Amino acid sequence: RQEAGLPRFERELPVAPTSEDLFHVPLLFMNGHEDPRLQTREILPVRTFLQNGGFLLISNCCSSEAFDQGARRFIRALLPNDEIERIPDKDGIRRLPYDCADRPPQGTKAFTQRFGKAWAPLLGVRRGARWILVYSPIDLCCAFEGDLTDSIAAYRRASSLKIFGNVI
């Protein structure tokens, strides 16, 4: 709400993959610590959502190895005919409205040890000219929740905000 020009969200709306609410939201946000073991009956509606203009942003909360492996399996099951690819540094998601190339990210000590002064990779699935799914294997959300520690490879709030703002 403090950033001019960004969409404002009044509240979160928890949406189950099998809920009718799924088709009444413009984007989904998914995060977690454990393997997101969704069943086929949960995956199919999300696939339909994405194929009909929806968007999914996934963040690996606390940069969990279990969630990372599970999220990658989930993405392959969700979109089996698409390739998950690294989003190029010059892509609009990295540059607009916040140019991530203008300065190094602010990250935790673990983040800096792993990536130095570079931004961590963002992965995505593209359909035509637009990304329908973006996955950050590095934590984007703990800084917003106030439970970020230096032992977690994660972005600090200002850098997370840039990525969220660009993606949205």
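Residues numbered from 1 in each chain as written. Predicted model: local features only at pLDDT ≥ 70, side-chain atom pairs only at ≥ 80, totals over all residues. Heavy atoms only, no water.

1. A closer look at the packing of helix H1 (residues 40–51) against helix H2 (residues 65–78)
Part 1: Contact geometry for H1 and H2: axes closest at 10 Å, N-to-C directions at 70°. By the criterion of interaxial angle, the relationship of H1 to H2 is roughly perpendicular. The element H1 and its partner H2 pack so that their crossing is right-handed. Two secondary-structure elements touch here, H1 through Ile43, Val46, Arg47 and Leu50 and H2 through Phe74, Ala77 and Leu78.
Part 2: The class makeup of the residues in the contact of H1 with H2 is 6 nonpolar, no polar and 1 charged. (Axes fitted to C-alpha atoms, helices over the stretch in contact; angles between N-to-C directions. Helix = DSSP H or I, 4+ residues; strand = E, 2+ residues; numbered from the N terminus. Parallel < 35°, antiparallel > 145°, perpendicular 65-115°, else oblique. Left-handed = near helix turned anticlockwise from the far one by under 90°. Contact = heavy atoms within 4.5 Å. Nonpolar A, V, L, I, M, F, W, Y, C, P; charged D, E, K, R; others polar.)

2. Brief notes about unusual backbone geometry
Part 1: Of note, the amide linkage connecting Leu96 to Pro97 takes the cis form, showing an omega dihedral of 0°.
Part 2: On the secondary structure map, Pro97 appears in the loop between helix H3 (92–95) and helix H4 (109–115).
Part 3: Even without a glycine there, the phi angle at Cys62 is positive, about 60°.
Part 4: Residue placement: Cys62 occurs in the loop between strand E2 (55–60) and H2.
Part 5: With a phi close to 50°, Ser63 is a non-glycine residue in the positive phi region.

3. What about the sheet that holds strand E1 (residues 27–32)?
Part 1: If you walk across this open sheet you meet the 5 strands as E1-E2-E5-E4-E3, and the pairing is mixed. Looking at which strands have only one partner, the edges of the open sheet turn out to be E1 and strand E3 (85–86).
Part 2: Here E3 pairs with strand E4 (residues 123–127) via 2 bridges, running antiparallel. Opposite Glu85, over in E4, you have Gly124 as the bridge partner. (Pairing = 2+ DSSP bridges.)

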